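Coordinate inspection notes
Single-letter residue listing:
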There are 2 protein chains.
Amino acid sequence: MAQIAFDQPEAKGLTAKLANHAADLSFDELPDDIVSIAKCCFLDWLAVTLAAQDDPITKMLISEAKEQGGNRQATIIGDGLKTSVAQAALINGTVSHALDYDDVNLLMIGHPSVITFAAMLGPAERDGTSGRDFITAFVTGTEIGCRIGKQLMGESHYQKGWHMTGTAGTFAAAAAAGKILGLDPDTMTVAFGIAASQAAGLKANFGTMCKPLHAGKACQNGLFAASMAKRGWTSNREILECVQGFGDTQTNAFTPDLATDGLGERFLTRGMLFKYHAACYGTHAAIEAARVVRSTHGVTPDEIENVELHVPSGYFKMCNIREPRTGLEGKFSLRFTTAMGLLGEDTSSMDSYSVEKCTHPAVIAMRDRIKVVANDDLENDHAVADIILTKKNGSVVRQSGAVYEPETNQSRQWSRLTEKFNSLATPVIGADKAGQIVDNVGALQSLDDLQFISKLAVKEG
Amino acid sequence: MAQIAFDQPEAKGLTAKLANHAADLSFDELPDDIVSIAKCCFLDWLAVTLAAQDDPITKMLISEAKEQGGNRQATIIGDGLKTSVAQAALINGTVSHALDYDDVNLLMIGHPSVITFAAMLGPAERDGTSGRDFITAFVTGTEIGCRIGKQLMGESHYQKGWHMTGTAGTFAAAAAAGKILGLDPDTMTVAFGIAASQAAGLKANFGTMCKPLHAGKACQNGLFAASMAKRGWTSNREILECVQGFGDTQTNAFTPDLATDGLGERFLTRGMLFKYHAACYGTHAAIEAARVVRSTHGVTPDEIENVELHVPSGYFKMCNIREPRTGLEGKFSLRFTTAMGLLGEDTSSMDSYSVEKCTHPAVIAMRDRIKVVANDDLENDHAVADIILTKKNGSVVRQSGAVYEPETNQSRQWSRLTEKFNSLATPVIGADKAGQIVDNVGALQSLDDLQFISKLAVKEG
């Protein structure tokens, strides 16, 4: 219960090293593909945030924000409410993760876009941040999220029960927001210390509204850390590495060397993976394999006798609801989603995950031909699946699916994400605004500010 | 990365049991001494919050709140700013812990008042809560803080590096705020689940402004948990006891039996201890012993040859700065504070912890006659100290001090705390308002609302 505010000597440890990197990274140091990926992430983040406009999560958070009130500094995506940057960070961050349709980075074991953009967007709107600085801030946040996430804390942190998106996410948000606020290296180090005292999020709350809340809280708390550091708040500048610090309390596999390996040279942002199916990521490899069975092998539904679907054993706990009754359960059903893929249904649309689809006789008939097999040859941390399909004529078709390799062709990735964006955004804001957003995000590095967001990424206005 | 919102059966585990107790506790069940203690806590909380008005912490938080804006729902103690209940919870909670002069409960290993009152006061002002309900909410929060703190999580949680005031404090704040919001048992259970996803605070940030921030964040996040639960948010209703839940991730000594032992019969609020010296709690037993040496044994400074001060060995790390140079360092110096006690200086006044006092020749001369000895016969978790004083005439005076036993005479406690309140509050709000506050808090259980706070506990108005 002691509070001793001794002056600390200039910090030179791991926390300071990562914070220095964060504060110093400039747009000119970013490789072209990293800039492209950042724009993909922003477009996709806007898509999944707009798509969640009617979610109860969104309505509850907006009601709460209206009750609290706040200066009109920042835009709530979709709704268009103007509120304080702190509340906008919480709402936009949480809503963007509500559908679990946002991007993933396995080098973090987490969701970089939902813990960065909402922390940055409010201050960027308020302060007139340029597109270049916005991109740089996102990459900074993502690098810090990955480096403090999987790299520093290891799988141990996640396996113990911590939700990396909430915990490491708070540092990522502090770094991203800190860039927008222009923190110098020492102030960024202090911001990381403040972030550590707020970092939280338990996987035991998966399956509840607290899961997306972890993202929103990371944004709000990370922004708070950056803002208060700028005001002169104090913290332990060695919070990651010190005795009883973030590492000491929350992992058995603290690896500082990995956290700084290739700092400034190797960009972990390159590990971004996007979701093209509106279901649990664990079902995506199977859906991809099913689509190839249909498109490349030309197998039609009436030819199929039965299907063995081999997946890593960990997927049995993650997404193997055998007979889903609701749309949400359908998202966590390997049999349902694979059946949808074999039937040629649109697995990217939110509407495909409905009671109607789950209980449709043709879908159930196909679903019941599928047997899910745990295959220990398949690694749990890889998003993979093997289909072994036996036709009624006795012939066998084998097809693997894998979705853990990032796309390297950036123009193909942009085009596929544009399609996803249009499909999700158009019903909410109309085709005209959707098209203009695609144009603006596509030219993000040449924009003077982010004002297009408040005009276009909202239902009215 | 899965989110599965299955309906949960009615929760019957530990989380639900504690939440049911919290939701059901009524004023009529509170023993008289518990009501008296609650009023002591509130008066003392107002005292230490007012006393921190000029702290940089206070100014920074108020500047941040003004930048964010918010509806005029709740009063910032001292300053008088009206802002949103969320921001008031953060500011009042943090500021009240800024001086580390607030109460302690060793049954929690934490500071119950700073994690409850700020979470309750805003909604109580807004909703017109009665004095009875306010007292009941405080006791509820304190019971939950103690039961989820030391009782459930054990010393292990604290020893690992967690700051109980921040972690268990978030549940305490949720319980206290939840009472003001009138949550039913099931909604309170959900609020605890939301609290768990925000519970944070590392002891490695002691000695920085993040230590008091843990209290403010607990208040803000606990209030948020209660508010969102009321709006229909969802969480895991077994978050304390489930696999990878709060206990599983953060203690090696999970003891559910202790957490529910005597629930509703034995009030842990009875363990409240108050600080009468504006220094680290570890110095208090020594100061008390020194005062008795002076008052009862009649030893004057010029009679003293030397002093051996025996303390538990753990105090060497906590508060044994040998030659303090600043007021803050003085608060963590057993030699300085004991010297002040032997000299008859006012150790309750903030002004006694100054560069001037620390460097005053008479104080230094007395300080240098004191030798601090680690005595393994004295237990670390007890706030005790033994003085063995040798006079210049060769005679020896022995005196023990102990401050770990709560005062049982409530009228003596109230009177001593009134003195402390007047000493701290009068310079900020004047004697007239201070006197009226004492009267109001003294009659708290008969007040219809808390409106006196916004009129009296502020500098202007």
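Remember, predicted model here, so these are calculated numbers, not experimental data.

1. A short note on the overall build of chain A
Counting its regular elements, chain A contains 20 helices and 8 strands. Relative to the globule expectation of 23 Å for 461 residues, the C-alpha radius of gyration of chain A, 22 Å, shows essentially globular dimensions. Projected onto its principal axes, the C-alpha positions of chain A cover 80 × 50 × 40 Å. For chain A, the residues scored as buried account for 64% of the 461 residues in total. Total accessible area computed for chain A in this model is approximately 15,400 Å², and 47% of it derives from carbon and sulfur atoms. Both charge centroids of chain A, one from 42 positive and one from 54 negative side chains, sit 4 Å from each other.

2. Topic: the side chain of Lys179(A)
Residues and elements named next belong to chain A. Examined against the element boundaries, Lys179 turns out to sit in helix H7 (residues 164-180). Buried within the structure, Lys179 lacks any salt-bridge partner; Asp24 is the closest side chain of opposite charge, at an N-O distance of 6.7 Å. With residues up to four places along the chain from it excluded, the contact list for Lys179 reads Ala22, Ala23, Asp24, Leu25, Thr136, Ala137, Thr140 and Met188.

3. As for the interface of chain A and chain B
In this assembly, 83 residues from chain A lie in contact with 83 residues from chain B. With both sides pooled, the region where chain A packs onto chain B buries about 6,800 Å², and carbon together with sulfur makes up 57% of that total. At the junction of chain A with chain B, the criterion picks out 6 salt bridges. When the shortest N-O distance is used, the salt bridge between Arg126(A) and Glu67(B) registers 2.8 Å. Across the contact surface, chain A and chain B share 38 residue pairs in polar contact (both at pLDDT 80 or more). Elements supplying a minimum of two residues to the side of chain A that touches chain B: helix H3 (56-68), helix H4 (85-96), helix H6 (131-160), helix H8 (185-196), helix H9 (210-231), helix H10 (246-250) and helix H14 (327-330) of chain A.

4. Quick notes on the packing of helix H1 (residues 14-24) of chain B against helix H6 (residues 131-160) of chain B
When two helices pack together, their arrangement is given by the angle between their axes and by how far apart the axes lie. Residue and element names in this part refer to chain B. One way to put it is that H1 packs onto H6 with a least axis distance of 9 Å and a crossing angle of 155°. With respect to their mutual orientation, H1 and H6 come out roughly antiparallel. Between H1 and H6 lies a crossing whose hand is right-handed. Between H1, through Leu14, Leu18 and Ala22, and H6, the contact on the second element is made entirely by Thr140, Ile144, Arg147, Ile148 and Leu152. In the contact of H1 with H6, the residues fall into 6 nonpolar, 1 polar and 1 charged.

5. Overview of empty space enclosed by the protein
Scanning the entire structure with this criterion turns up 3 cavities of 30 Å³ or more. Space inside the largest cavity adds up to approximately 480 Å³. Lining the largest cavity are 33 residues, with Ala86(A), Gln220(A), Ala86(B), Gln87(B) and Gln220(B) sitting closest to its centre. Grouping the constituent residues of the lining of the largest cavity by class yields 15 nonpolar, 14 polar and 4 charged.

6. Remarks on the domain arrangement of chain A
All names here are of chain A. Domain boundaries in chain A define domain 1 (14-274 + 423-456) and domain 2 (281-402). Centre-to-centre, using C-alpha coordinates, domain 1 lies 33 Å away from domain 2. On the side of domain 2, 5 residues touch domain 1, which itself brings 7 residues to the contact. Buried surface at the junction of domain 1 and domain 2, both sides included, amounts to about 630 Å², of which 60% is carbon and sulfur. The largest share of the area that domain 1 buries against domain 2 comes from Leu99, Tyr101 and Leu106, three residues that together contribute 46% of it.

7. Focus on the relation of the copies chain A and chain B
Two copies of a chain can be linked by a rotation about an axis combined with a shift along that same axis. When chain A is fitted onto chain B, the two copies agree to an RMSD of 0.1 Å after a turn of 180° and an axial shift of 0.1 Å. When the rotation and shift are considered jointly, the pair of chain copies conforms to a two-fold rotation axis. Among all residues of chain A, the minimum C-alpha distance to the rotation axis is found for Gly70(A), at 1.9 Å. When you check the interface residues of chain A against chain B, 100% turn up at the interface there too, and the contact is symmetric in its surfaces.

8. What about the packing of aromatic side chains?
All names here are of chain B. Under the criterion given, the structure shown has 19 aromatic pairs over all chains. For the pair Phe117 and Phe134, a centre-to-centre distance of 5.9 Å together with 25° between the ring planes defines the contact as stacked. Here Phe134 lies in helix H6 and Phe117 lies in helix H5 (residues 117-127), a separation of 17 residues in the sequence. Relative accessible area serves as the criterion here: at 1%, Phe117 is assigned to the buried category. Take Phe134: its relative accessible area is 0%, and that puts it in the buried class. Ring centres of Phe117 and Phe138 lie 4.5 Å apart, and the angle between their planes is 5°; on these two criteria the pair is classed as stacked.

9. A word on helix H2 (residues 32-51) of chain A
If you check H2(A), its first and last C-alpha atoms are 29 Å apart, about what 20 residues at 1.5 Å a residue would give, namely 28 Å. Where burial is concerned, most of H2(A) is hidden: 16 out of the 20 residues are buried.

10. A short note on the confidence of the model for chain A
In the predicted model, chain A carries a mean pLDDT of 94, and the fraction of residues at 70 or more is 97%. Every residue in residues 1-8 of chain A scores below 50 in pLDDT, and together they form 36 contacts with partners more than four places removed in sequence or on other chains.

11. Notes on the sheet that holds strand S5 (residues 304-311) of chain B
Residue and element names in this part refer to chain B. The strand order across the open sheet formed by 4 strands is S6-S5-S7-S8, and the pairing between neighbours is mixed. Each having just a single partner strand, strand S6 (370-374) and strand S8 (396-402) make up the two edges of the open sheet. Neighbour to neighbour, the strand axes of the sheet diverge by 20° on average, direction disregarded. In this sheet, strand S7 (residues 384-391) lies alongside S5 in antiparallel orientation, the contact comprising 6 bridges. Its bridge partner lying in S7, His310 is registered against Asp386. Against the sheet, helix H15 (residues 334-342) touches S5, S6 and S7, its axis set at about 125° to S6.

Analysis parameters
Numbering of residues starts from 1 in every chain and runs along the sequence as written. All chains are assigned letters beginning with A, and all ligands numbers beginning with 1, in the order in which they are written. Since the coordinates come from a predicted model, pLDDT governs what is reported: local features require at least 70, and pairs of side-chain atoms require 80 or more to be given and counted, while whole-chain, interface and lining totals use all residues. The basis for every side-chain value is the complete set of heavy atoms in the structure, and neither hydrogens nor water enter the calculation. Helix and strand labels come from DSSP, where a helix needs a run of H or I of at least four residues and a strand needs a run of E of at least two; each type is numbered from the N terminus. Only C-alpha atoms enter the radius of gyration, while the globule expectation follows 2.2 Å times N to the 0.38, with N the number of residues. Remark: exposure states derive from per-residue accessible area (1.4 Å probe, protein chains only) relative to the maximum for the residue type, with buried under 20%, exposed over 50%, and partly exposed in between. Reported accessibility uses the Shrake-Rupley method at a 1.4 Å probe radius. Residues are deemed covered only where the shown protein chains occlude them. A positive count includes Lys and Arg, and a negative count includes Asp and Glu. His and the chain ends are not counted in either. Lys charges are placed at NZ, Arg charges at CZ, Asp charges at CG and Glu charges at CD. The working definition used for a salt bridge is a side-chain nitrogen of Lys or Arg within 4 Å of a carboxyl oxygen of Asp or Glu. In this description, contact between two residues means that some pair of their heavy atoms is separated by no more than 4.5 Å. Put simply, buried area is the surface a 1.4 Å probe can reach on two separate parts but cannot reach once they are joined, added for both. Counted as a polar contact is a pair of N or O atoms within 3.5 Å, where, for protein atoms, one must be capable of donating a hydrogen and the other of accepting one, and residues adjacent in sequence contribute only when both atoms are in side chains. Every angle, taken between N-to-C directions, lies between 0 and 180 degrees, and every axis is a line fitted to C-alpha atoms, over only the stretch in contact when it is a helix. Reported orientations rely on four angle classes, namely roughly parallel under 35 degrees, roughly antiparallel over 145, roughly perpendicular from 65 to 115, and oblique for the rest. In this scheme the handedness of a crossing depends on how the near helix is turned from the far one: anticlockwise by less than a right angle means left-handed, clockwise means right-handed. All amino acids are sorted into three groups, where Ala, Val, Leu, Ile, Met, Phe, Trp, Tyr, Cys and Pro are nonpolar, Asp, Glu, Lys and Arg are charged, and the leftover types, Gly among them, are polar. Cavities and pockets were defined on a 1 Å grid built over protein atoms only: a cavity is a set of grid points that admits a 1.4 Å probe from which the probe cannot escape, a pocket is an open set flanked by protein on both sides within 12 Å along at least five of seven lines, and lining residues are those with an atom within 4 Å of any such point. Grid points are joined across faces, edges and corners, and a volume is the space filled by probe spheres set on the points. Here the bounds of each domain stem from an automatic or database domain assignment. A least-squares superposition brings the copies together, and it is based on the C-alpha atoms of residues with pLDDT no lower than 70 in both. Side-chain rings of Phe, Tyr and Trp, where Trp is taken by its six-membered ring, are said to pair if the distance between their centres is within 6.5 Å; with planes under 30 degrees apart they count as stacked, over 60 as edge-to-face, and otherwise as tilted. A helix's residues, less one, multiplied by 1.5 Å, set its expected span. Scored from 0 to 100, pLDDT reflects the predictor's confidence in each residue. In this scheme, strands are said to pair when DSSP sees at least two bridges between them.

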